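Each chain, letter by letter, is given below.
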Amino acid sequence: MASQSKNSCQAVPLHAGTNILIRSITKVNNKLNIMMFRQFCLMIVCFACRTHFSVAFSAKQIINQRSIGSKISYQVYISAFLAVFILTPHDCLNAQHSDLEALMKQIHNSDIQVRCGAIQNLGMIGDSTAVPALIHALEDPDELVRGYVVEALSSIGQPTGNVIPALLDALDDKDPEVRLYAAEGLGKIGEPVTIPELIQALDDPNESVAAAIAQTLQIIGQPSLTYLVPALNNEKQALRYWVAWTLDNIIPEVGFVDQSVETALKATLSDISYGVRIWAASALYKLNKLNLDLIMPILIEGLTKEHNIKVRRDASVVVGHIGSSAQFAIPHLLQELEDIKDAEMPKGYDYNDKIKSSAQDLDSLQIQFYFAWTLGMIGDPAAIPTLVRLLKDPAYGIRTNASEALYRIGLPSSNQLHKDVTTALLEVLQDEENHWTARANAALALGEYGKVSNGVVPVLINLLNDDIVADYTIEALGEIGAPMAVPSLIALLDDESYMEETIINALKKINTPEAKKAIAKRTQTQ
């Protein structure tokens, strides 16, 4: 075998200990201490082996697994992105022509990791001479390899004139992830010439792919309008749905649009598909707030149980984005939640887990999840009793959205209701079995409710040593302005420097002489 040049992009051998770390990274466990361990391992590997493809391969697997619904924590997901970034073989940017030839030959290697590594490096080098070889690799039988090819072509861009046709062809790949990467790659290139074929691909059976294509049209922007408006009359219902969704997202970005766009959207309010109507209604509201009276009946109808979960979800999202002007929806949201409050849900059930429950139960869970969020976005205190009830729901996603909604709405006028909310939030916060997002939102909400509730501050102080919610309890204590928390915050300032900014901000808000003295002392030592 020919010797490699010093600047070659070939991977270097890993130490045995690093192999152990890689295996640790790819094991999925949602316990916080394991999550932190995986994050730590991933960062060690990143800095120890900057050019080793196996690490990037593992990180890429983490990203792909989470994108298709695997239970991988957000922190580990972000760490995987950092790994891919840090592992960019910067010396490949100065690769010799012989290196490019070697990499192009490796595209045909029998080892999938070698093929993927070569393709990834060619994409990062960005030399257009690799384009023909990469396009040929789109015929690789492995979807992971084809996905890397699409990403590499996206990185190289359009200097040779045949990258865009290749990416457009990849929109027909049998694997949804390859189609997803192709859509994202076309968005990165952003050429208006792709618009007609992108619109025709909007009826992709995979919702994530269709959404990525719609987002690509949104990135291209104003030029897409010319093609999107006529497509509102396309015979394919799924395509019309995503056309309306795309128009809803493009309109706020392009500013002024021709009157014909508003006319076409108004005509779409009678579309046979209720999902199309909802996004057309949302787009009309963004065009002109005076259209609110026109679209209200469609949104109210879309919230009701007569429609499938996707329609009700979309209506809920649109109503939530309208915000405080959507008071008209409050009675309907509350009634729908009242009608399903007695549905039996398994304890600890994840609303995304279809295996553990019937379709009807799943619909009920998702309705509670979305409607709780919508109530918070509208911000009407009339929703508080219902949200307090949802704080006790077995599904953590519902508890999370309910606590966030209560935080958005703020303090109720009734003393008894205030007491009920505070009690329920404290229960969520103190339950260590709760998902951290539900506990975090509960802590933030208590930052408001604790201003007039004597029992909140001691609980928050006791939770300062809870690593999962410490940041949020500190912030809540600052919002409350609790003098009795100052000694504990000062002690924590000395022990936990990584939370220094949060602690100092809280001490500034409390603003007692002792707090000011601690801040001044900290400033002098820096």
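Residues numbered from 1 in each chain as written. Predicted model: local features only at pLDDT ≥ 70, side-chain atom pairs only at ≥ 80, totals over all residues. Heavy atoms only, no water.

Asker: Where do I start with a negative patch on the surface in this structure?
Answerer: On the surface, a cluster of negative charge is contributed by E427, D431, E432 and E433. Within the secondary structure layout, E433 lies in the loop between α23 (415-430) and α24 (436-449). Taking relative accessible area as the criterion, E433 reaches 71% and is therefore assigned exposed. (Patch = residues over 30% accessible without salt bridge, like charges linked within 9 Å, V, L, I, M, F, W, Y side chains within 5 Å. Areas by Shrake-Rupley, 256 points an atom, 1.4 Å probe, with all protein chains shown as cover. Salt bridge = Lys/Arg side-chain N within 4 Å of Asp/Glu carboxyl O. Lys, Arg positive; Asp, Glu negative; His and termini not counted. Charge placed at Lys NZ, Arg CZ, Asp CG, Glu CD. Helix = DSSP H or I, 4+ residues; strand = E, 2+ residues; numbered from the N terminus. Buried < 20%, exposed > 50% of the residue type's maximum accessible area, 1.4 Å probe, protein only.)

Asker: Would you mind going over the packing of helix α8 (residues 143-156) against helix α10 (residues 176-189) with me for this structure?
Answerer: Relative orientation and spacing of two packed helices are given, respectively, by the angle between their axes and the distance between those axes. Relative to each other, α8 and α10 sit at 0°, their axes nearing to 9 Å. As far as their axial angle goes, α10 and α8 are roughly parallel. Contacts from E143, R146, G147, V150, E151, S154 and S155 in α8 reach V178, Y181, A182, G185, K188 and I189 in α10. Within the contact of α8 with α10, the residues separate by chemical class into five nonpolar, four polar and four charged. (Axes fitted to C-alpha atoms, helices over the stretch in contact; angles between N-to-C directions. Parallel < 35°, antiparallel > 145°, perpendicular 65-115°, else oblique. Contact = heavy atoms within 4.5 Å. Nonpolar A, V, L, I, M, F, W, Y, C, P; charged D, E, K, R; others polar.)

Asker: Got a minute to help me understand the environment of D466 in this structure?
Answerer: Within the element layout of this structure, D466 appears in the loop between α25 (456-462) and α26 (470-480). Take D466: its relative accessible area is 12%, and that puts it in the buried class. Along the chain, D466 and E432 lie 34 residues apart, while their C-alpha atoms are 9.4 Å from each other.

Asker: Would you take a moment to explain the pattern of salt bridges for this structure?
Answerer: Opposite charge on two side chains makes pairing possible when the charged atoms of those side chains draw close. Evaluated as defined, the whole model comprises 15 salt bridges. Linking D173 and R146 is a salt bridge whose minimum nitrogen-to-oxygen distance equals 2.7 Å. Within this pair, whereas D173 is found in the loop between α9 (163-170) and α10, its partner R146 is found in helix α8, the two being separated by 27 residues in sequence. In this structure D173 comes out as buried when scored by relative accessible area, which is 14%. A salt bridge links K509 to E479, with the shortest nitrogen-to-oxygen separation between them at 2.4 Å. Placement of the pair is K509 in helix α28 (residues 500-510) and E479 in helix α26, with a sequence separation of 30 residues.

Asker: Whenever I open this one, the confidence of the model for the chain confuses me. Can you help?
Answerer: Atom-level detail of predicted coordinates should not be read off regions where pLDDT is low. Considering every residue of the chain, the mean pLDDT works out to 79; 77% of them sit at 70 or more. Confidence, expressed as mean pLDDT per element, reaches its minimum in the chain at helix α1 (residues 16-25) with 39 and its maximum at helix α18 (residues 309-322) with 95. Within the model, the stretch residues 42-63 combines pLDDT values under 50 with 73 contacts to residues more than four positions away or in other chains. Between residues 65-75, whose pLDDT stays under 50, and residues either more than four places distant or in other chains, the model counts 18 contacts. (pLDDT = per-residue confidence, 0-100.)

Asker: Can you walk me through the nonpolar core in this structure?
Answerer: Soluble globular proteins tend to bury their nonpolar side chains together. With 158 residues, the main nonpolar core has L134, L387 and L489 as its most contacted residues. Residue contacts for L489: discarding those within four places in its chain leaves L464, I474, L477, I503, A506, L507 and I510. (Core = buried A, V, L, I, M, F, W, Y, C linked by side-chain atoms within 4.5 Å.)

Asker: Looking at this structure, how should I read the side chain of D175?
Answerer: Looking at where D175 falls in the secondary structure, it is placed in the loop between α9 and α10. R146 is the oppositely charged side chain nearest to the buried, salt-bridge-free D175, at an N-O distance of 5.4 Å. Non-local contacts of D175, meaning those with residues more than four positions away in its chain, are made with E143 and R146.

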